[in-house]
Amino acid sequence: VIDPDGQIVCKHRKMHLFDISVPGGITFRESETLSGGDSLSLFDTPWGRVGLGICYDIRFPQLAMLLRDAGAHLLCYPGAFNLTTGPAHWELLSRARAVDNQECSWR
């Protein structure tokens, strides 16, 4: 995350890697080339503290709860869900994380 002055204020390594094999569809294995992160990512803004996850991280309510407990007022999950699984889950999971934690979730 880069602030208005061009300074890096937060780096995040995706914690939950996405591996899928849909019969007759796609096969995708992030774990073949990436390793997951192991720390929370938060940064402060003039409007409050933001907790950061990436894409597949949104499926895990425990991460959102840990970010909330660390002071996040907004949960942000930039992502690139594929067209096979994404449409069925993306908006629903964003709303679920917001309800779970009584917070705003931005996708």
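Everything here concerns the structure above.
Residues numbered from 1 in each chain as written. Predicted model: local features only at pLDDT ≥ 70, side-chain atom pairs only at ≥ 80, totals over all residues. Heavy atoms only, no water.

Novice: What's the story with the side chain of lysine 14 in this structure? I'm lost.
Specialist: Inspection of the secondary structure assignment puts lysine 14 in the segment before strand E1 (19–21). Taking relative accessible area as the criterion, lysine 14 reaches 12% and is therefore assigned buried. Other than its neighbours up to four places away in sequence, lysine 14 contacts Glu30, Gly36, Gly37, Ile54, Cys55, Tyr56 and Asp57. (Helix = DSSP H or I, 4+ residues; strand = E, 2+ residues; numbered from the N terminus. Buried < 20%, exposed > 50% of the residue type's maximum accessible area, 1.4 Å probe, protein only. Contact = heavy atoms within 4.5 Å.)

Novice: What am I meant to see in the nonpolar core here?
Specialist: Core analysis: the largest hydrophobic core is formed by eleven residues, namely Cys55, Ile58, Leu63, Ala64, Leu67, Ala72, Leu75, Tyr77, Phe81, Trp90 and Leu93. Sorting elements by how many residues they give to this core places helix H1 (residues 61–69) first, with three residues. Core analysis: the next-biggest nonpolar cluster, separate from the first, contains five residues, Phe43, Val50, Leu52 and Cys76 among them. (Core = buried A, V, L, I, M, F, W, Y, C linked by side-chain atoms within 4.5 Å.)

Novice: Honestly, the side chain of arginine 97 in this entry has me stumped. Any pointers?
Specialist: The residue arginine 97 is located in helix H2 (residues 86–101) in this model. Take arginine 97: its relative accessible area is 7%, and that puts it in the buried class. In terms of polar contacts, arginine 97 uses its side chain to reach the side chain of aspartate 100, at 2.8 Å. (Polar contact = N/O pair within 3.5 Å; in protein donor to acceptor, adjacent residues only side chain to side chain.)

Novice: Is there a simple way to explain the pattern of salt bridges in this structure?
Specialist: Two side chains that carry opposite charge are able to pair once their charged atoms sit near each other. Per the stated rule, a full pass over the model turns up four salt bridges. The partner of arginine 68 in a salt bridge is aspartate 69, with the nearest N and O atoms 3.0 Å apart. For arginine 68, a relative accessible area of 28% gives the class partly exposed. Under the relative-accessibility criterion, aspartate 69 is labelled exposed at 56%. (Salt bridge = Lys/Arg side-chain N within 4 Å of Asp/Glu carboxyl O.)

Novice: Which parts of the structure should I look at to understand H1?
Specialist: For an α-helix, the turn length of 3.6 residues means that residues three or four places apart are oriented alike. When H1 is considered as a whole, its buried residues turn out to be Leu63, Ala64 and Leu67. Angular distribution of buried residues about the axis of H1 spans 100°; they occupy a single face of the element. Summarising the contacts, the buried residues of H1 are in contact with strand E3 (41–45), strand E4 (48–52), strand E5 (74–76) and H2. Positive phi appears at glycine 71, one or two residues downstream of H1, with a value of about 105°. (Arc of directions from axis to C-beta.)

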